[in-house]
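Summary of the model geometry
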Amino acid sequence: QVQLVESGGGLVQAGGSLRLSCTASGSISSIKSMGWYRQAPGQRRELVAVISRDGSTNYADSVKDRLTISRDNAKNTVYLQMNSLKPEDTAVYYCNAVLRLNYLAVWSTYWGQGTQVTVSS
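Right, let's walk through the structure included here. Going along each chain's sequence as written, the residues are numbered from 1 onward. Reporting of local features is limited, given that this is a predicted model, to residues whose pLDDT is at least 70; pairs of side-chain atoms are given and counted only at 80 or more, and all residues count toward the totals for whole chains, interfaces and linings. Hydrogen atoms and water are omitted, and side-chain values are computed over all heavy atoms in the structure.

1. Some points on the state of the cysteines
- When two cysteine sulfur atoms lie within 2.5 Å, the pair is treated as a disulfide. Within the structure shown, the criterion is met by one disulfide.
- Between C22 and C95 runs a disulfide, and the two sulfur atoms are separated by 2.0 Å. Looking along the S-S bond of the C22-C95 disulfide, the torsion reads about -80°, which is the left-handed sense. In this pair, C22 is assigned in strand β3 (residues 18-26) and C95 in strand β9 (residues 91-101), connecting sequence segments 73 residues apart. Working definition: helices are DSSP H or I runs of at least four residues, strands are E runs of at least two. Numbering for both runs from the N terminus.

2. A short note on the nonpolar core
- Here the nonpolar core consists of buried residues drawn from Ala, Val, Leu, Ile, Met, Phe, Trp, Tyr and Cys, with membership extended through side-chain atoms lying within 4.5 Å. Summary of the burial criterion: residues with accessible area below 20% of their type's maximum are buried, those above 50% are exposed, and those between are partly exposed, where the area comes from a 1.4 Å probe applied to protein chains only. Of all hydrophobic cores here, the largest spans 31 residues; its most connected members are W36, L80, M82 and Y93.
- Breaking this core down by element, the ones donating at least two residues are β1 (2-7), β3, β4 (28-39), β5 (46-52), β7 (67-72), β8 (77-82), β9 and β11 (115-120).
- In terms of residue count, the dominant contributor to this core is β9 (six residues).

3. Quick look at the side chain of D89
- Looking at where D89 falls in the secondary structure, it is placed in the loop between β8 and β9.
- In protein, a polar contact means a hydrogen-donor-capable atom and an acceptor-capable atom, both N or O and within 3.5 Å, with residues adjacent in sequence counting only if both atoms are side-chain atoms; elsewhere, any N or O pair within 3.5 Å suffices. A polar contact of 2.8 Å, which involves the side chain of D89, links it to the backbone nitrogen of K86.
- Contacts are assigned to residue pairs with any non-hydrogen atoms lying within 4.5 Å of each other. When sequence neighbours within four positions are dropped, the list of residues in contact with D89 reads R38, R66, V117 and V119.

4. Side note on a nonpolar patch on the surface
- Together, Y103, L104 and V106 line one region of the surface with nonpolar side chains, adding up to about 310 Å² of accessible area.
- Mapped onto the elements, V106 comes out in the loop between β9 and β10 (107-111).
- Among the residues examined, V106 registers a relative accessible area of 48% and is labelled partly exposed. The patches described consist of residues with a relative accessible area above 30% and no salt bridge, like charges being joined within 9 Å and nonpolar side chains (Val, Leu, Ile, Met, Phe, Trp, Tyr) within 5 Å. Accessible surface area values rest on a Shrake-Rupley calculation with a 1.4 Å probe, where residue burial reflects the displayed protein chains alone. Every case where a carboxyl oxygen of Asp or Glu lies within 4 Å of a side-chain nitrogen of Lys or Arg is listed as a salt bridge.

5. Quick word on the pattern of salt bridges
- What the rule picks out here adds up to four salt bridges.
- The partner of R38 in a salt bridge is E46, and the shortest N-O contact between them spans 2.8 Å.
- In this structure R38 comes out as buried when scored by relative accessible area, which is 7%.

Right under this line is the structure:
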């Protein structure tokens, strides 16, 4: 059993900042990558940013230079620092982890429950 618990969403004015956190817990052997996706109303879920265990990152073009992903491997936690937020950043943000359980040899993908981020103009 694996749980991804997110926190840090909320309402902020345009130009403001928020920091999201997500911690993975359970019978985890290893985490290959952790990341953030978002889904706005009527839109498909899209990648925001992902970070690998070695620290390499990948960002959506729309968030580069404004959002920063980081990771604490010892705590199985990923963070998303969001600066200079825009109304178009409004969405439900989902944490994602690709990991391996203690008793399995395969990598599996898990999702958090989502946290709402609303940016007012």
